[in-house]
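Understanding the architecture of this molecule
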Number of protein chains: 2
Amino acid sequence: MVNFDLGQFINEHRKAAGLTQIQLADLAGIGKTTVFDIEKNKKSVRWDSLMAVLDVLNIDVQFISPLKK
Amino acid sequence: MVNFDLGQFINEHRKAAGLTQIQLADLAGIGKTTVFDIEKNKKSVRWDSLMAVLDVLNIDVQFISPLKK
DNA sequence: TAAATATTACTGCCTTAGCGGTAATATCTG
DNA sequence: CAGATATTACCGCTAAGGCAGTAATATTTA
């Protein structure tokens, strides 16, 4: 997961879903600017904004640690 | 990953690491208030703040989707 | 129990993410 | 190519996240 390009990952999934940035923004309930920022790997976006996008694109998030849970 | 309690997950890892909230905040380069908010599952925190905490605690993030990568 | 430490909560200030509107490119499509 | 569509970029405004300081509880430890 080092240097993982989340922006590109999301971009690919958005296009695979046949959505424009504006459509994705509307579905996620956020602004188009934020979608653009996320795909450009802006790190200071809000966690819930990112989650909303991942949810629309059916992308799951997993937290892995040596202290397996 | 439905209804995953990230706040508690982080709380457990912080204690396993023997860190107080203030120590974790300092190591992550963020304020103690933010660490508190994260452990309380505040969703509107910034993505980079959360990442900084996960990094200190050696927790990896993985994004999973049907369109396997 | 008492003292020390940690967590939770609240306050006010400052910074900035998020936003829509707009426009300039870039890309797709007939 | 020309038109339509999409992406990228920039602009101010506003709401709210982040912060240190402080204090009230809660927890731990001697």
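Residues numbered from 1 in each chain as written. Chains lettered and ligands numbered in written order. Predicted model: local features only at pLDDT ≥ 70, side-chain atom pairs only at ≥ 80, totals over all residues. Heavy atoms only, no water.

**As for the side chain of H13 of chain B**
Considering the arrangement of structural elements, one finds H13 of chain B in helix 1 (residues 6-16). Classification of H13 of chain B by relative accessible area gives buried; the value is 7%. Among all residues touching H13 of chain B, those that are not within four sequence positions of it are S65 and L67 of chain A together with L57 and I59 of chain B. (Helix = DSSP H or I, 4+ residues; strand = E, 2+ residues; numbered from the N terminus. Buried < 20%, exposed > 50% of the residue type's maximum accessible area, 1.4 Å probe, protein only. Contact = heavy atoms within 4.5 Å.)

**Focus on the protein's contact with DNA strand D**
Near DNA strand D you find 17 residues, and of these R14 of chain A together with G31, K32, T34 and R46 of chain B are the closest. Within the contact set of DNA strand D, a phosphate oxygen lies 2.6 Å away from a side-chain nitrogen or oxygen of R14 of chain A. R46 of chain B is positioned with one of its backbone polar atoms (N or O) 2.5 Å from a phosphate oxygen of DNA strand D. Where the surface near DNA strand D is concerned, the elements lending two or more residues are helix 3 (32-39) of chain A together with helix 3 (32-39) of chain B. Among the elements that take part in the surface near DNA strand D, helix 3 of chain B stands out by supplying 3 residues, more than any other. Grouping the constituent residues of the surface near DNA strand D by class yields 3 nonpolar, 7 polar and 7 charged. (Near = heavy atom within 4 Å. Polar contact = N/O pair within 3.5 Å; in protein donor to acceptor, adjacent residues only side chain to side chain. Nonpolar A, V, L, I, M, F, W, Y, C, P; charged D, E, K, R; others polar.)

**Remarks on the interface of chain A and chain B**
A common way to state how big an interface is: give the accessible area lost once the parts meet. The interface is formed by 26 residues belonging to chain A together with 26 residues belonging to chain B. Buried area between chain A and chain B, summed over both chains or domains, comes out near 2,700 Å², and the portion from carbon and sulfur atoms is 71%. Taken together, the connections running from chain A to chain B amount to 0 salt bridges. In this structure, the connection of chain A to chain B is made through 9 residue pairs in polar contact (both at pLDDT 80 or more). Those elements that place two or more of their residues in the side of chain A that touches chain B are helix 1 (6-16), helix 4 (47-56) and strand 1 (60-64) of chain A. Taken together, the residues of the side of chain A that touches chain B sort by class into 15 nonpolar, 5 polar and 6 charged. As paired strands, strand 1 of chain A and strand 1 (residues 60-64) of chain B are joined by 5 bridges and run antiparallel to one another. (Buried area = accessible area lost by both parts, 1.4 Å probe. Salt bridge = Lys/Arg side-chain N within 4 Å of Asp/Glu carboxyl O. Pairing = 2+ DSSP bridges.)

Function-wise, these values are silent; they only describe arrangement.
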